[in-house]
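Structure assessment
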Amino acid sequence: MTEQGSAKATYTASELLAVMASRLMKDGQIVFAGIGVPLLAATLAQRFFAPHLTILFEGGTIGPFIVPGELPPSTNEQRCTRRSNMVLPITDVLLLLQRGYVDVGFMGGAQIDRFGNLNSSFIGDSANPKIRLPGTGGGNDISSLTNMIVAMKHEKRRFVADVDFITSPGWIKGGRSREERGLPQGGLWRVVTDLAIMGFDDDTHEMKVLALHPGVTPEMVQENTGFKLLFDRKIETTEPPRLEELEALRNLDPERVYTA
Amino acid sequence: MSTKPLVKPYEALRRETLARDRGLREKVVSLDEAARLVKDGDHVAIGGCTVSRTPMAMVWSLIRARKKSLTISRSITSTEGDLFFASGASQHVITSWFTQGIVWGVSKVMRHYTENKLARFEEWSHMSIGLRYRAGAMGIPFMPSRSMIGSGVGQLVGSDLKTMTCPFTGEQIVLLPALNPDVALIHVQRCDAYGNAQLDGLQFMDIDIAMAANRVILTTERIVSNDQIRRTPDQTRIPFFTVDAVVEAPFGCAPHECYGVYEPFFEHLDHYAEVSKDPVKGPQKYLEEYYYEPRGWPQYLEKLGMEAVLDASRRGRSVHND
């Protein structure tokens, strides 16, 4: 575990990710959340400023509240249904994305490129992969059909110019290519890492740094990225995680299953 | 079995359904007898999702019966997929995600078999798998949809995925081929001897695979009377005439979970993750110990251990009743 320090609080990279990502949520939103950091972030948002935020899980749950210390191992166990409003078949909860009821899809990422395409299928050539990864799950559906937030560690090997394989489409080749390929809705909105918050240029759809976390320089972000980043003209600095946010996180995940 | 057409011809679908004995009859059998309903080369759809309501007792029974060349499909595939590969029962899994579970890391067994081209993991998006079963359940040859296009996942399935211009709106739309499995394996909390099944909690894709398949094998925590079913017909999710066999298999998902009855056997799943770090010897040893050696399902549960069974039950029953 690497602890990053400030006078007020120490926290792990995953904790920083969860806190920063939580602040991107808005009250009243319908959020399709993956397991791990996305779920923790959405739950944090509910605790602090978004009590009317509704979580959807791919396993079929609408509006659960997670019990501290009993985080589900995937989006498909009974733990995902605690205090929920409804359970649906998987296909029907995914169809809510297609119908347009979901504001934000929120997931983790293994590999991302400059246009926000995500790869969770193959490292190397798909015909002769170096590593076969677990695959899309609902990732392809979520990223094809709604606006997305991705939370991931900022490492050069994960931030590449072009992903080896597009599992979950972002802006494909940039410009209007997403729409032209048959995906007129949604797109990658924000990438949250332990270094920065990024968006995408309105026209070219190249990845653009919008805000840096405390103590992080533009050079550090560029150094940990495998392609040339755009930087917003006015780069903000994020507010460091507050003690109460970290306490809430540690209460949710006391064994640090997802926040080590 | 690649000679089978991608989409079952409608005439064959209707003919096969008509040939099934759909009368209200008792169909309770043993795990061994139920395994005989599955032929080598069959497409077997697995109910549940990841480590939830996996019909593990039937998976166990098929592997013990040394089935061969099965095509397996499931919404998301966990440890049972490793064991289908490692036992030689299947070299082809159709699914959206394949690994024990996020907390245990990428499956070494799945990696070994797919990276060395010993077996195939055919990847479709989660919604697409669901819509393929649903088209099968509806008796239509394809389902229009709006994901998988523009991605590597769509490209990789090649001509199995089509696009067309919508005749009403002129927009580009994806067509997903119907999936009508030969057999569906589904585990439920309770059903009667006829196969009227009530399932609690998350349904996953189970209703669609029951309707789409040409044979359904139900395992159940408990066989209840038909009178009991008739007291709450609104809770019945799978009608008896789609079901061909009913097997009473308490803890039939272990070491996975069954909603409201038991949670995953986490310590055992940690143990499996540890053992399967050696992707060849690990699962072989595991299969020997847990699949081939036990005399029957109760002896398998004995291997898991009374303490583990009680712990999983205690956690399982508390979901909305703590």
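Residues numbered from 1 in each chain as written. Chains lettered and ligands numbered in written order. Predicted model: local features only at pLDDT ≥ 70, side-chain atom pairs only at ≥ 80, totals over all residues. Heavy atoms only, no water.

1. A few points about the side chain of Ser168(A)
All names here are of chain A. What counts here: Helix numbering and strand numbering both begin at the N terminus, where a helix is a DSSP run of H or I of at least 4 residues and a strand a DSSP run of E of at least 2. As used in this structure description, the phrase polar contact means that two N or O atoms lie within 3.5 Å; if the pair is within protein, one of them must be able to donate a hydrogen and the other to accept it, and residues adjacent in sequence are counted only when both atoms belong to side chains. By the convention used here, residues are in contact when the closest approach between their heavy atoms is within 4.5 Å.
Its location among the elements puts Ser-168 in the loop between strand E13 (159–160) and helix H5 (177–180). From its side chain, Ser-168 meets the backbone oxygen of Gly-139 in a polar contact 3.4 Å long. Once you skip the residues sitting within four places of it in the chain, Ser-168 turns out to touch Met-107, Gly-116, Asn-117, Leu-118, Gly-139, Asn-140 and Ser-143.

2. Observations regarding the sheet that holds strand E8 (residues 111–113) of chain A
Residue and element names in this part refer to chain A. Let me state the cut-off plainly: Strands are labelled as partners when DSSP assigns at least two bridges between them.
Reading across the sheet, the three strands line up as E9-E8-E13 and stay open at both edges, with mixed pairing between neighbours. At either end of the open sheet lies a strand with only one pairing partner, and these are strand E9 (118–119) and E13. Direction of pairing for E8 relative to E13: parallel, over a ladder of two bridges. Bridging across to E13, Ile-112 finds its partner in Phe-159.

3. A short note on the state of the cysteines
Cysteine pairs can be covalently joined through their sulfur atoms, and such a bond is termed a disulfide. All names here are of chain B. Defined as follows: Pairs of cysteine sulfur atoms within 2.5 Å are identified as disulfides in what follows.
Counted by the stated rule, this structure contains zero disulfides over all chains. Between Cys-191, a cysteine without a disulfide, and Cys-258, which holds the nearest cysteine sulfur, the sulfur-to-sulfur distance is 12 Å. No disulfide involves Cys-253; its sulfur sits 4.5 Å from the nearest other cysteine sulfur, which is in Cys-258.

4. Details of the packing of helix H3 (residues 56–64) of chain B against helix H4 (residues 79–87) of chain B
All names here are of chain B. Our working rule: Axes here mean lines fitted to C-alpha atoms, for a helix over just the part in contact, with angles spanning 0 to 180 degrees between N-to-C directions. Any angle that is under 35 degrees is reported as roughly parallel, and any over 145 degrees as roughly antiparallel; angles of 65 to 115 degrees are reported as roughly perpendicular and all others as oblique. Under the grouping applied here, Gly and all other residues not named as nonpolar or charged are polar, the nonpolar ones being Ala, Val, Leu, Ile, Met, Phe, Trp, Tyr, Cys and Pro and the charged ones Asp, Glu, Lys and Arg.
Between H3 and H4, the least distance of the axes is 11 Å, while the angle of their chain directions is 5°. One element, H3, and the other, H4, form an angle in the roughly parallel class. Contacts from Met-56, Val-59 and Ile-63 in H3 reach Thr-79, Glu-80, Leu-83, Phe-84 and Ser-87 in H4. Looking at side-chain class alone, the contact of H3 with H4 contains five nonpolar, two polar and one charged residues.

5. Some thoughts on the interface of chain A and chain B
Rules: Accessible area that two parts lose when put together, with a 1.4 Å probe and added across both, is what the buried area reports. Between Lys or Arg on one side and Asp or Glu on the other, a salt bridge is scored when a side-chain nitrogen of the former is within 4 Å of a carboxyl oxygen of the latter.
Each partner contributes to the interface: chain A provides 51 residues, whereas chain B provides 57 residues. Of the roughly 4200 Å² buried at the junction of chain A and chain B (both faces included), carbon and sulfur atoms supply 57%. When residues of chain A are sorted by the area they lose upon contact with chain B, Gln78(A), Arg132(A) and Pro134(A) head the list and together hold 19% of the total. Among the salt bridges present, the one from Arg132(A) reaches Glu123(B), with a minimum N-O distance of 2.8 Å. Our count for the contact surface shared by chain A and chain B stands at 32 residue pairs in polar contact (both at pLDDT 80 or more).

6. Some words on the confidence of the model for chain B
Here is the rule: The quantity known as pLDDT measures the predictor's confidence residue by residue, on a range of 0 to 100.
The predicted model of chain B averages 97 in pLDDT, with 99% of residues at 70 or higher. Quick note on the complex model: pTM equals 0.96, ipTM equals 0.97.

7. Describing the sheet that holds strand E15 (residues 196–200) of chain A
Residue and element names in this part refer to chain A. Taken in spatial order, the 10 strands line up as E6-E5-E4-E3-E7-E12-E14-E15-E16-E17 in an open sheet, and their pairing is mixed. Bordering the open sheet on either side are strand E6 (86–87) and strand E17 (230–237), each of which pairs with just one other strand. Of the strand pairs in this sheet, strand E7 (residues 104–108) and strand E12 (residues 147–151) are connected by five bridges, and their pairing is parallel. When the sheet's bridge partners are listed, Met-107 is paired in E12 with Val-150. Along the sheet, helix H2 (residues 37–48) makes contact with strand E3 (30–33), strand E4 (54–57), E7 and E12, crossing E4 at roughly 160°.

8. Looking at the domain arrangement of chain B
All names here are of chain B. Quick note on the threshold: What counts as a domain boundary in this text is fixed by an automatic or database domain assignment.
Under the domain assignment, chain B is made up of domain 1 (10–138 + 182–224 + 235–318) and domain 2 (142–177). Computed over C-alpha atoms only, the centres of domain 1 and domain 2 are separated by 29 Å. Contacts between the two partners involve 11 residues from domain 1, matched on the other side by 11 residues from domain 2. Both sides together, the interface formed by domain 1 and domain 2 hides about 930 Å², and carbon and sulfur atoms give 72% of it. Our enumeration of links across domain 1 and domain 2 arrives at zero salt bridges.

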